[in-house]
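The primary structure of each chain is shown beneath.
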Amino acid sequence: MECLMVDYMKKYKEWATNPYFDEETKKELMELKENEKEIQDRFYKDLEFGTAGLRGVISAGTNRMNNYTVRRATFGLANYIIKNTTEKEKNRGVVIAHDNRHMSRAFCMETANTLAACGIKAYIFDDLRTTPELSFALRNLNAIAGIVITASHNPPEYNGYKVYWEDGAQVMPHIANAITKEINSIHDYSQIPTINEKNKNLVVMLGEDDDSTFIEAVKKQVIRKELIQEVGKNFKIVFTPLCGTGNVPIRRALSEVGFENIIVVKEEENPDPNFAGIDYPNPEDKRALDRGIKTAKENGADLVVATDPDCDRVGVAVKATNGEYVLLTGNQIGGMLTNYIIEGLKEKNELKENSALIKTIVTSEFGADIAKSNNVDVLNVLTGFKFIGEKIKLFEQTNEKTYVFGYEESYGYLVGTHARDKDGVVASVLIAEMAAFYFSKGLSLYEGLIELYNKYGFFKEETISLTLKGIEGLAKIKDIISYFRENKIISINDIKVVDIKDYSKGIDDLPKADVLKYFLEDGSWVAIRPSGTEPKLKFYIAVKGDTEEISNKNINEIKTYIDKTIQKLM
Ligand SMILES: O=P(O)(O)OC[C@H]1O[C@H](O)[C@H](O)[C@@H](O)[C@@H]1O
């Protein structure tokens with residue numbers, strides 16, 4: 001502990017006095033001199049480059065997002081590229097996109113300039129762009145890697161740095177680990193090359209054509225074009241980009257496929273780094289859809305669609321027959337899209353025999369059961385859309401399976417293979433199309449959901465997220481998981497545990513991951529994992545009952561059990 005203290009104080013002093021760091025940084029740090037706890041938190045470690053890249057609070061410090069930590073990460077990535085690819089591969093360059101957050105443009109330029117200084121071409125956009133467009137563009141431009149400056153749905157004080165590889169998916173753990181090694185070997189910031197006259201032309205600006213090719217790729221995924229054209233005039237959609245990147249591409253895609261009645265939530269239309277007062281711009285959080293639902297009520301809209309700041313996730317609310325707006329979960333939307341896509345393909349006689357649905361191990365079996373009953377294979381991967389992207393690549397190489405659809409419970413979906421990450425643009429279009437399909441039959445999306453539940457059983461899922469910040473929080477997260485790992489739980493809420501999967505052992509052909517999953521006798525399951533993007537411990541609960549009442553009762557009881565266990569451990 002002593003050593004740790006010396007270490008963070010030493011680093012703090014270095015940043016606060018070394019002429020390498022700019023005056024503003026030094027001033028910000030000097031103001032902290034009486035606040036040891038804050039100094040410790042900012043300097044006790046380097047911001048970790050995890051499997052989701054960097055993500056942290058924007059401010060000065062080694063454990064924060066700032067120009068220096070972005071520069072260091074980029075130098076590490078550049079070194080990885082230089083050492084592990086051929087000259088020709090390296091020359092394919094890196095595409096960079098960014099969202100609307102504080103410092104996003106600055107971090108994008110910092111990244112582009114550092115890459116160029118290392119002799120690597122950096123493609124940038126003139127303004128903010130979505131994550132799925134980056135995933136698409138990097139394959140379209142045949143780049144070697146991609147970067148998105150975004151903290152996705154985190155609160156406004158955060159920013160982040162996600163890295164993609166040539167296949168269009170976020171880097172796999174082995175590449176992330178190798179990049180981390182490179183980053184960790186950089187101790188002296190002054191060694192990082194800076195841009196000069198000779199290499200500045202390696203920063204290349206992308207144009208409008210790149211947007212159009214992406215939108216065209218999205219539009220190709222539409223299943224029932226004529227239907228949209230028929231009902232597109234009457235079907236009313238309220239859309240909110242939650243002040244993020246989704247506004248331009250989604251409005252464009254929706255209107256180009258034939259939706260004429262799109263109302264955008266006024267307060268949330270334009271990019272805003274403070275997200276217009278939305279504390280947590282995450283469509284998983286029901287408050288994020290409050291204004292959307294209000295606007296929908298005022299306009300009598302049929303559907304509310306909300307995308308997160310970098311537009312890879314989508315939340316949905318729908319008008320039920322009683323006129324009330326109901327929020328759908330990621331599991332519900334994913335299950336419904338699975339059904340809609342499979343039925344659509346069947347109608348056109350295009351459902352291949354080797355079709356496969358890909359979902360994560362913490363995603364409900366709702367979509368999986370629908371797929372299986374249509375003879376579509378189901379593949380389970382670890383949390384993280386990159387693992388879905390990895391399977392798509394494998395399918396392409398081996399022709400072993402045909403990708404039908406992939407999704408995660410956390411509101412991420414990908415229809416088509418144009419992108420290799422969840423795509424909020426294509427998902428919004430397909431969700432609108434699916435809702436328009438039900439609308440044409442006189443049903444709301446909600447009633448469509450109930451129809452499916454009546455056929456396949458009432459699935460119900462819930463996630464409990466425990467926020468535990470800082471060093472102590474991290475330790476607590478470890479303690480709680482250890483408790484569940486070490487104490488053999490034989491029943492949850494009096495229902496027998498019939499199987500326990502500990503994914504840290506590397507099971508089911510999956511890479512090792514800190515996830516535990518309990519399977520109960522009645523088909524319910526509970527999974528526990530630490531978040532990879534936020535200081536949170538997550539519990540996922542899933543049940544299935546013959547009626548909604550049974551499912552509600554079961555899930556509430558399991559939830560109470562977990563809440564009580566957590567309280568005991570806090
Ligand atoms: O680790 P969590 O906080 O649960 O987040 C999990 C998410 O991480 C990243 O954002 C990935 O891109 C997502 O595909 C994944 O769902």
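By the naming in an unreviewed UniProt entry, the protein chain goes by Phosphoglucomutase and is assigned to Romboutsia sedimentorum. Per its UniProt entry, the protein chain bears the Catalytic activity (unreviewed entry) comment "alpha-D-glucose 1-phosphate = alpha-D-glucose 6-phosphate". UniProt annotates the protein chain under Cofactor (unreviewed entry) with the comment "Mg(2+)".

**What to know about the pairing of strand 2 (residues 94-98)**
Of all five residues in strand 2, five are buried, a share of seventy percent or more. A two-sided burial pattern is seen for strand 2, the buried positions comprising V94, I96 and H98 on one face and V95 and A97 on the other. Here strand 2 pairs with strand 3 (residues 122-124) via three bridges, running parallel. When the sheet's bridge partners are listed, I96 is paired in strand 3 with I124. With helix 6 (residues 104-117) bridging strand 2 and the parallel strand 3, this β-α-β connection has right-handed handedness. Inspection of the sheet shows strand 2 paired to strand 4 (residues 145-149) by five bridges, in the parallel sense. Within the sheet, the bridge partner assigned to H98 lies in strand 4 and is I149.

**A short note on the site of the ligand**
Near the ligand there are 14 residues, and of these E408, S531, G532, T533 and K538 occur at the shortest range. Within the side chain of R529, an N or O atom sits 2.8 Å from an oxygen atom of the ligand. Within the contact set of the ligand, an oxygen atom lies 2.6 Å away from a backbone nitrogen or oxygen of G532. Burial of the ligand by the surrounding chains reaches 95%, relative to a free accessible area of 390 Å². The residue inventory of the shell around the ligand, partitioned by class, reads one nonpolar, seven polar and six charged. For the shell around the ligand, the domains that each give at least three residues are domain 3 (232-456) and domain 4 (458-569).

**What to know about the UniProt feature "domain: Alpha-D-phosphohexomutase alpha/beta/alpha" (unreviewed entry) in the protein chain**
According to UniProt, the positions carrying the feature "domain: Alpha-D-phosphohexomutase alpha/beta/alpha" (unreviewed entry) are residues 48-188, 214-317 and 330-456. For residues 48-188, the end-to-end C-alpha separation is 17 Å, with 41% helix and 18% strand making up the annotated structure. Taken end to end, residues 214-317 is 33% helix and 15% strand, and its two terminal C-alpha atoms sit 26 Å from one another.

**A word on the packing of aromatic side chains**
A full pass over the atoms with the stated rule returns 24 aromatic pairs. Aromatic side chains Y340 and F437 sit 5.4 Å apart centroid to centroid with 65° between the ring planes, which places their arrangement in the edge-to-face category. Here Y340 is found in helix 13 (residues 330-347), whereas its partner F437 is found in helix 16 (residues 424-440), with 97 residues between them in sequence. Every member of this aromatic cluster is reached through a ring pair, and the members are Y12, W15, Y20, F21, F43, Y68 and Y189. The ring of F437 has R224 sitting right over it, with the charged end atom 4.2 Å from the ring centre. Its guanidinium or amino end placed over the ring of W525, K517 lies 4.1 Å from that ring's centre, counting from NZ or CZ.

**Some details on the domain arrangement of the protein chain**
In terms of domain boundaries, the protein chain breaks down into domain 1 (1-42), domain 2 (45-206), domain 3 (232-456) and domain 4 (458-569). Each of domain 2 and domain 4 has a C-alpha centre, and these two points are 34 Å apart.

Rules used in this analysis
- Residues numbered from 1 in each chain as written.
- Predicted model: local features only at pLDDT ≥ 70, side-chain atom pairs only at ≥ 80, totals over all residues.
- Heavy atoms only, no water.
- UniProt positions renumbered as here; feature names shortened; annotations may be inferred.
- Buried < 20%, exposed > 50% of the residue type's maximum accessible area, 1.4 Å probe, protein only.
- Helix = DSSP H or I, 4+ residues; strand = E, 2+ residues; numbered from the N terminus.
- Pairing = 2+ DSSP bridges.
- Right-handed = clockwise from strand over helix to strand, strands pointing away.
- Near = heavy atom within 4 Å.
- Polar contact = N/O pair within 3.5 Å; in protein donor to acceptor, adjacent residues only side chain to side chain.
- Areas by Shrake-Rupley, 256 points an atom, 1.4 Å probe, with all protein chains shown as cover.
- Nonpolar A, V, L, I, M, F, W, Y, C, P; charged D, E, K, R; others polar.
- Domains from an automatic or database assignment.
- Phe/Tyr/Trp six-rings, centres within 6.5 Å; stacked < 30°, edge-to-face > 60°.
- Lys NZ or Arg CZ within 6 Å of the ring centre and 35° of its normal.

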